[in-house]
Amino acid sequence: MATTPAPAPPVSAAATPLLEVRHLRVEFPTRRGTLLAIDDVSFSIAPGEILGVVGESGAGKSLTGAAIIGLLEPPGRIAGGEILLEGRRIDDLPYEQMRRLRGRRIGAIFQDPLTSLNPLYTIGRQLTETIQTHLDVDAAEARRRAIGLLQATGIPAAEQRIDQYPHQFSGGMRQRVVIALALAAEPRLIVADEPTTALDVSIQAQIIALLKRLAREHGASVMLVTHDMGVIAETCDRVAVMYAGRIVEVGPVHDVIHAPAHPYTAGLMGSIPAMDGERERLAQIEGAMPRLNAIPPGCAYHPRCPHVEPRCRAERPELMDAGATHAACWRVAAVAPAREGTA
Amino acid sequence: MFAFVLRRLMQAVVVMATVGFLAFMLFQYVGDPVTSLLGQDATQEQREALRKDLGLDQPFPVQFARFAANAVQGEFGLSLRQGRKVSSLIAERLPATLELALAAAVIALVVGVPLGVYAALRRGTFGSQAVMTLSLLGVSLPTFLIGILLILVFSVQLKWLPSFGRGDTVSLGGWTTGLLTADGWKHLILPSITLAVFQLALILRLVRAEMLEVLRTDYIKFARARGLTDRAVHFGHALKNTLVPVITITGLQLGSLIAFAIITETVFQWPGMGFLFIQAVQFADIPVMAAYLCLIALIFVVVNLVVDLLYFAVDPRLRIERAVSAH
Amino acid sequence: MSSKAPPSPTVAPAGAWARFLDSDVWHSFRTSPMAIAAAAIAFVCVFCAVFAPWVAPHDPFDLATLNLADARLPPAWEPEGSTTYLLGTDDQGRCILSALMYGARISLAVGLASVLLSVVVGVGLGLLSGFAGGRVDAFIMRVCDVMLSFPSILIALLIDGVGRAMFPNAHETLAFGVLIFAIALSGWVQYARTVRGSTLVERNKEYVQAARVIGVAPWRIMARHVLPNVLGPVLVLATIQVAAAILTEATLSFLGVGVPPTSPSLGTLIRIGNDFLFSGEWWITIFPGVMLVLIALSVNLLGDWLRDALNPRLR
C-alpha cells in the first residue's frame, strides 16, 4: 500500500484560502538549548470558515495563534515556514506593516475578559480609538459605529453603556465588548484563543453562538482555539487536533468526532464521558504529553499509542489522507482503503 | 465617597492624637524643663514656683488637655535653646523649607518620570542601562554627600553658585520668598538639586518598574492585537495606567522631601525648619522637637488625604459605588 | 498565547551545592559583569573594614604615632604628597586611608546590626500579625501604617534626640545602642508587611490547618513552613536595607547626632572634612565619601541583581 504523504496542506473546497500556514516552526532559545514549540505545522482556513484548533494545554495551539498575529513573546520566534494571508506572506513583514494588518485584517480575542480591557478608559473610548486607527472616519461616525457594534453583540442600552467603564460590566458582557472590539475594524480573520474558558457555563453558549453568528454576518473566518470539544462540535466547520506542537489530525468536524483516524483523536473522543449508561471509571489516555525538551523520535504519540508499530518509533508521519480526514499516522496508510467504506 | 472621606478624616484625627500624645510625653518625661529653664543652681523654692507656673503640679489628664488645647492653636511654649516662642520660630522658617521642597519635587518629577518611561520602553538598550545605573548611584549617594560634592564643584572650584543661605528674599505678608529675585534663584539651585536626587532616582525606578508591569498586562496585549500604534499603546494606555499608582507614591514623597530637607538645609545652611530641628535635637530642645513632630504629622496627614482624593479623581474603579451588572 | 517557561534539567544533579551551581541564580550571577564587580568591591570593602587593625597602614587613633608635622598632606599622587600617607592626612596628621578603614568598620557594624535587629523584629511581628489575626493583626498594621508615613531619617532623629535627652551623659555603648535601635526601628515595617502577607497566604493552606488540628504549636508551624517561603524577598529587602542603614548612620553622624566622636564612622569623617573644603583640602572629606558610596553602591547592585535573579517572571 503506497503511502501518499501530502506535501501541501489539505485545502477545503474554496478557491484561495484566506489563511495558509505552511510548515510553521516556532522555537524558544533558552539557556539549555533551543526548544521547538511548533514543529512543522501546516493548515489553511477558507474564507467564511470556522476552524477549530483543539488539544491539551501546552500542545501549541495558543502559540500558533500568537505567531499568526505576529505577537510571539520573545525569546520565542518563528524559525521556519510561512504564513500567508489572502495569498501574501505576513510572517516576515516589518513591524509597522504587520501592525496595520492587526485589527484591520486579523482580529484577536483572548481568554480572560476581566483583564483584556483597560480599566481606566470607557469602552466607548477603546472602541472609537480602534475604529479610528484603522478606518478613515470622524469621531461622530466612529461613535455611531461603536454603538452599532455594541448593539450587534447584544449589549442592552448601548447608547448609555458606551460611556461606562469595564468594571461596570459582568464577565459575559465584557467578553461581548471584547468581541465588539475585535470586529471593530471589520477583519477578515478572527483568532479566538479560548474565548469562553473563563466564563460561566451558562454564558459560554451565548458567547459562542454570538461569535458564530457575527462571523457569518461579517463574512469573517474564525480560528477557534480551545480545549473544549463541546464548543468545537457546536461551532466549527473543520477541526485540527494538535499534539506536542504538531497537527495530528484535521478534517470536517463531524468526521473527526465520530470517525477519528488518529489514535490520539480517538483517545480524546473516548475520554469524553457520555451522559447515558453507567460508567465505573472515566476513560483516560495512559501517560502524558511529552515536555518540549523530551519529544520522542518518530511519531510524538508513539509511547502512548495502543497501536504502536516499529515504524512509528523511527519515522515521523506527515498528514495523510485517511478518507474523510487527514491524519499523521502510519496506520492510516495501511488502513485507508478499509476506512473508505465506514465513514 | 462621602463615607470614604469621613473615614479618612477620622483616621487622620487618630494619627494626630497619637502624635500629639507622643509629643506630650516628650514634654513631660524627657528631660526636666524646669532644670533646663532655671539651670542647675536654682533653689527649691524657685523650682516649686516655676513648676506651679508651668502647671506641672496638675494631674495628668489636665496637663494633657492643656497641652492639646495649646497645640491645636499652635502654641508650644518657648524654645529651650533660644527662649523665643516656638510657634514664631517655626513660622519664620516654614516658607524656606516649603519652597525648597517644592523646587526639589518639581525637579524630581520633571526629570524622573520621563527617564523612567524611557528606561522601560527602551529596555535592554545601552541608554536605558546607563539610566538605571545612574539611578542606582542616586540612591547610593547620601544626600549630604551630594550636597558636599556640588559645593565642591560649583562653589569652590568653579565659583559659579553660592553655597549657603537663601540669598535675597522678598517678604509678602507672613511669607518670605526667594523666588522673586535672581539672587534667590541662584541660591536655590544647588540645594534643590541635592534634595531632588534621591527622590528622582526613586521615582525613576518606580515608574520603570510600574511601566514594565503594565506592558505585560493582557489589556496591553489586546491593544496591540487591535493594531493600535505604538504611540497609542505606550503613551495612551500604558503610561496612564502607570501613573496612577505613581501619583500616590509621589504624593507621599512630598512629606518625605520635607523631612530630608533637614539634611540639605544643614549642608547649605538653609534657614528652614529642618535646620531648626537639627539644632533642637543637638540641644535636646524638647518644645521645638515636639512642635516639629506635630507639624510634620499634620503635613503628612493632609498630603495623604489629598493623594487619596486624587486617586478618586483618576481611577474610575473607585468612583462608582456599585457596578451596574446585567447579563 | 504565552511563551513557555524554560524546562528544568532532565537529570537532577545530586547534592545541594551541585544544584546551586546549576541553578539559574548562579548562572545569572556568573553572566552578569555588574554583579561580579559589585560582589568584588563589596568584598574588598568588607575585608578592609573587618580587618582594619591589621590591614591599615597606620593607626589613626594612637595619639603617640601622630605627627603634626605630617598634617594636611595631600594624596600621594599630588606634588606635595608622600607615599607614606597614600590618601593624605587630616589636620591632626591622621592617615586618611587608615581612618577610612576604621570608619568603614564602624559604619558596617552599625549598618549590619541595625538591619539584623530590623529583620528579627519585622519578621517576628509579621509572623505574629499574620498568624494571630484579629485585633493583634489590626493593631500591628495600624502601627505600620503610621510608621510608614514617617520617613526613616525623621524617626531615627527623634529616637536619637529622645535618647540624648533621657541620658544626657550617655556611656558610649549606650549611644551606639540607641543609634542601632533608632535605625532598626525605622526599617522594620517592610519586613513585617511582606512576611504578614506570606503568612496569610500559607495560613489558609490545608497543611497548616491540618497541623493545627494535630496540635502542632503555632510557632513551630510558622518557623518550619512559612519562614522558608519568605526568605527570598526578605533577603532582597535586607540587602537593600543594609545600604540604606549605612547611609542613614552616615547621615546621622554627619549631622552630629550619630556615633560618638570617639569612634568616628565614615559619616563623622565626612563631617570633619567638610570644614576643610573651602581651604582646598578636599581629600579629607572626599575619600571617606568615596568609600561610603562604594559600599552603598556595591551592596545596592547586589540587592538589585538578587531581586532580578529571584524573580521568576523576569527570566
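Sorry if this is basic, but what is going on with the overall build of chain C here?
Across its full length, chain C carries 13 helices and zero strands. Reading chain C from its N terminus to its C terminus gives the helix and strand order α-α-α-α-α-α-α-α-α-α-α-α-α. Expressed as a percentage of the 315 residues in chain C, the buried residues total 46%. Taking the intrachain contacts of chain C between residues at least 6 apart in sequence as the baseline, contacts between residues at least 24 apart amount to 70%.

Could you clarify how one ought to interpret the overall build of chain A in this entry?
Scanning chain A from terminus to terminus reveals 13 helices and 12 strands. With respect to the three principal axes, the spread of C-alpha positions in chain A is 65 × 50 × 45 Å. For chain A, with 343 residues in total, the buried portion stands at 48%. Counting only contacts in chain A whose residues sit at least 6 apart along the sequence, the fraction spanning at least 24 positions is 64%.

Got a minute to help me understand helix α13 (residues 283–310) of chain C in this structure?
Structural remark: α-helix, 3.6 residues per turn; residues separated by three or four positions point the same way. For α13 of chain C, built from 28 residues, the straight-helix expectation of 40 Å at 1.5 Å per residue is met to within 8% by its first-to-last C-alpha distance of 40 Å. By the criterion of burial, α13 of chain C is predominantly enclosed, with 23 of the 28 residues buried.

Could you clarify how one ought to interpret the sheet that holds strand β2 (residues 33–45) of chain A in this entry?
Sheet strands line up and pair through hydrogen bonds in the backbone, either parallel or antiparallel. Residues and elements named next belong to chain A. Strand order in the open sheet formed by four strands is β2-β1-β4-β5, with antiparallel pairing between adjacent strands. The open sheet is flanked by β2 and β5 (88–89), the only strands paired with a single partner. As judged from the seven bridges shared by strand β1 (residues 19–30) and strand β4 (residues 77–85), these two strands associate in the antiparallel manner. Looking at β4, one finds that Val26 is bridged to Ile78. Strands β1, β2 and β4 of the sheet are contacted by helix α1 (residues 61–69), whose axis makes an angle of about 75° with β2.

Help me out: how do you make sense of the pairing of strand β10 (residues 246–252) of chain A in this one?
Consecutive side chains along a regular strand alternate between the two faces of the sheet. Residues and elements named next belong to chain A. With respect to burial, β10 is a largely interior element, six of its seven residues being buried. Both strand β9 (residues 238–243) and β10 contribute to a ladder of six bridges, which runs antiparallel. In the strand pairing of β10, Arg238 is matched with Pro252. Linking β9 to β10, which pair antiparallel, is a turn of two residues; within it Ala244 sits at a positive phi near 50°. Relative to strand β12 (residues 326–327), β10 runs antiparallel, the two being bridged by two bridges. For Glu249, the partnering residue across the bridge sits in β12 and is Ala327.

Which parts of the structure should I look at to understand the interface of chain A and chain B?
A common way to state how big an interface is: give the accessible area lost once the parts meet. Taken residue by residue, the interface counts 29 residues in chain A and 24 residues in chain B. Elements that contribute at least two residues to the side of chain A that touches chain B include exactly α2 (95–101), α3 (113–116), α4 (123–134) and α7 (171–183) of chain A. Considering every element that reaches the side of chain A that touches chain B, the biggest residue donor is α4 of chain A, with four residues.

Can you walk me through the nonpolar core in this structure?
The tendency in soluble globular proteins is for nonpolar side chains to be buried as a group. Counting residues in hydrophobic clusters, the biggest one holds 271 residues, and the most contacted among them are Met223, Val241 and Ile247 of chain A, Leu293 of chain B together with Ala104 of chain C. Counting residues per element, this core draws most heavily on helix α11 (residues 218–254) of chain C, which supplies 18 residues. Domain assignment of the residues forming this core places at least three in each of domain 1 (19–236) and domain 2 (243–274 + 285–335) of chain A. Aside from chain neighbours lying at most four places away, what touches Ile247 of chain A is Val41, Phe43, Ala240, Val241, Met242, Leu319 and Ala328 of chain A.

Explain the sheet that holds β12 of chain A here, please?
All names here are of chain A. Strand order across the open sheet formed by eight strands is β6-β7-β8-β3-β9-β10-β12-β11, with mixed pairing between neighbours. If you trace the sheet from one side to the other, it starts and ends with β6 (106–109) and β11 (320–321), each paired once. The strands touched by α1 are β3 (50–54), β6, β7 (189–193), β8 (221–226) and β9; relative to β7, the strand with the most contacts, the crossing angle is about 145°.

I tried to follow the interface of chain B and chain C on my own but got confused; where do I start?
Of the residues lining the interface, 36 residues belong to chain B; the matching set on chain C comes to 35 residues. With eight residues, the top contributor of residues to the side of chain B that touches chain C is helix α10 (residues 230–268) of chain B. By residue class, the composition of the side of chain B that touches chain C is 27 nonpolar, nine polar and no charged.

I keep staring at the domain arrangement of chain A and nothing clicks. Help me out?
All names here are of chain A. As far as domains go, chain A holds domain 1 (19–236) and domain 2 (243–274 + 285–335). Computed over C-alpha atoms only, the centres of domain 1 and domain 2 are separated by 28 Å. Taken together, the contact between domain 1 and domain 2 spans 19 residues of the former and 13 residues of the latter. Of all the secondary-structure elements, those providing two or more residues to the side of domain 1 that touches domain 2 are β2 and α9 (229–235). Counting residues per element, the side of domain 1 that touches domain 2 draws most heavily on β2, which supplies nine residues. A class-by-class count of the residues in the side of domain 1 that touches domain 2 yields 11 nonpolar, five polar and three charged.

Got a minute to help me understand the packing of helix α8 (residues 182–215) of chain B against α10 of chain B in this structure?
Between two packed helices, what matters for the description is the angle formed by their axes and the separation of those axes. Residues and elements named next belong to chain B. At a minimum axis distance of 8 Å, the contact between α8 and α10 shows a crossing angle of 160°. Accordingly, the angle class assigned to the pair α8 and α10 is roughly antiparallel. Note that α8 runs across α10; the crossing there is right-handed. A class-by-class count of the residues in the contact of α8 with α10 yields 18 nonpolar, seven polar and one charged.

Looking at this structure, how should I read the environment of Tyr118 of chain B?
Residue and element names in this part refer to chain B. As for its position among the elements, Tyr118 is in helix α5 (residues 86–121). Put simply, Tyr118 and Pro316 are 198 residues apart on the chain and 27 Å apart in space, counted from C-alpha to C-alpha. Excluding its chain neighbours within four sequence positions, the residues that come into contact with Tyr118 are Ser128 and Val131.

When you look at the environment of Ile193 of chain B in this model, what are you seeing that I'm missing?
Residues and elements named next belong to chain B. Within the secondary structure, Ile193 is located in helix α8. As for Ile193 and Leu158, which are separated by 35 residues in sequence, their C-alpha atoms are 17 Å apart. Not counting chain neighbours up to four residues away, the residues in contact with Ile193 comprise Ile107 and Leu150.

Can you help me understand the confidence of the model for chain A in this one?
Close inspection of predicted coordinates is inappropriate for parts of the model with low pLDDT. Residue and element names in this part refer to chain A. Per-residue pLDDT for chain A averages 84, and the proportion of residues at 70 or more is 91%. Between residues 1–13, whose pLDDT stays under 50, and residues either more than four places distant or in other chains, the model counts 25 contacts. pLDDT under 50 marks residues 336–343. Its contacts with residues more than four places away, or in other chains, come to 12 contacts.

When you look at the environment of Ile78 of chain A in this model, what are you seeing that I'm missing?
Residue and element names in this part refer to chain A. Looking at the element boundaries, Ile78 is found in strand β4. On the basis of neighbour count, Ile78 is assigned to the partly exposed category, with 17 C-beta atoms found within 10 Å. With 11 residues separating them along the chain, Ile78 and Ala67 place their C-alpha atoms 7.2 Å apart. Contact partners of Ile78, with chain neighbours within four places excluded, come to Leu24, Val26, Ala67, Leu72 and Asp91.

Could you clarify how one ought to interpret unusual backbone geometry in this entry?
Across the chain, the bulk of peptide bonds are trans and the bulk of non-glycine residues have phi less than zero. The amide bond that connects Pro74 of chain A to the next residue, Pro75 of chain A, takes the cis arrangement and shows omega of 10°. Tracing the backbone shows Pro75 of chain A in the loop between α1 and β4. Phi angles above zero are rare outside glycine, and Asp40 of chain A is one such case at about 60°. One non-glycine residue, Gln269 of chain B, lies in the positive phi region at around 50°. The topology assignment puts Gln269 of chain B in the loop between α10 and α11 (273–283). For Gln269 of chain B, a count of 13 C-beta atoms within 10 Å puts it in the partly exposed group.

Mind showing me how you'd approach the packing of α4 of chain A against α7 of chain A here?
Residues and elements named next belong to chain A. α7 packs onto α4 with a crossing angle of 20° between their chain directions and a minimal axis gap of 9 Å. Considered as vectors, α4 and α7 are oriented roughly parallel to each other. Between α4 and α7 lies a crossing of right-handed hand. On α7, the residues that touch Ile123, Gln126, Leu127 and Thr130 of α4 are Val177, Ala180 and Leu181. Residue composition of the contact of α4 with α7, grouped by class: five nonpolar, two polar and no charged.

Criteria and thresholds
The residue numbers shown here count from 1 along each chain, following its written sequence. Naming scheme: in the order in which they are written, chains are lettered from A and ligands are numbered from 1. A pLDDT threshold of at least 70 governs which residues receive local features in this predicted model, and a stricter bar of 80 or more applies before side-chain atom pairs are shown or counted, although totals over entire chains, interfaces and linings include all residues. Only DSSP runs of H or I covering at least 4 residues are called helices, and only runs of E covering at least 2 are called strands; the numbering of each starts at the N terminus. Burial in this document is a count-based property: other C-beta atoms within 10 Å of a residue's C-beta are tallied, and the residue is buried at 20 or more, exposed at 12 or fewer, or partly exposed in between, with C-beta positions derived from the backbone. Working definition of a contact: two residues with C-beta atoms, positioned from the backbone, lying within 7 Å. A helix is expected to span 1.5 Å for every residue after the first. DSSP calls a pair of strands paired once it identifies at least 2 bridges connecting them. Think of each axis as a best-fit line through the C-alpha atoms, taken over the contacting stretch in the case of a helix, with angles from 0 to 180 degrees between the N-to-C directions. Only buried Ala, Val, Leu, Ile, Met, Phe, Trp, Tyr and Cys residues enter a nonpolar core, and they are joined through C-beta atoms within 7 Å. The domain boundaries here were taken from an automatic or database domain assignment. Here the nonpolar group is Ala, Val, Leu, Ile, Met, Phe, Trp, Tyr, Cys and Pro; Asp, Glu, Lys and Arg are the charged ones; every other residue, Gly included, is treated as polar. The scheme is simple: roughly parallel for angles under 35 degrees, roughly antiparallel for over 145, roughly perpendicular for 65 to 115, oblique for anything else. When the near helix sits turned anticlockwise from the far one by under a right angle, the crossing is termed left-handed; a clockwise turn instead gives a right-handed crossing. By definition, pLDDT measures how confident the predictor is in each residue, and it falls between 0 and 100.

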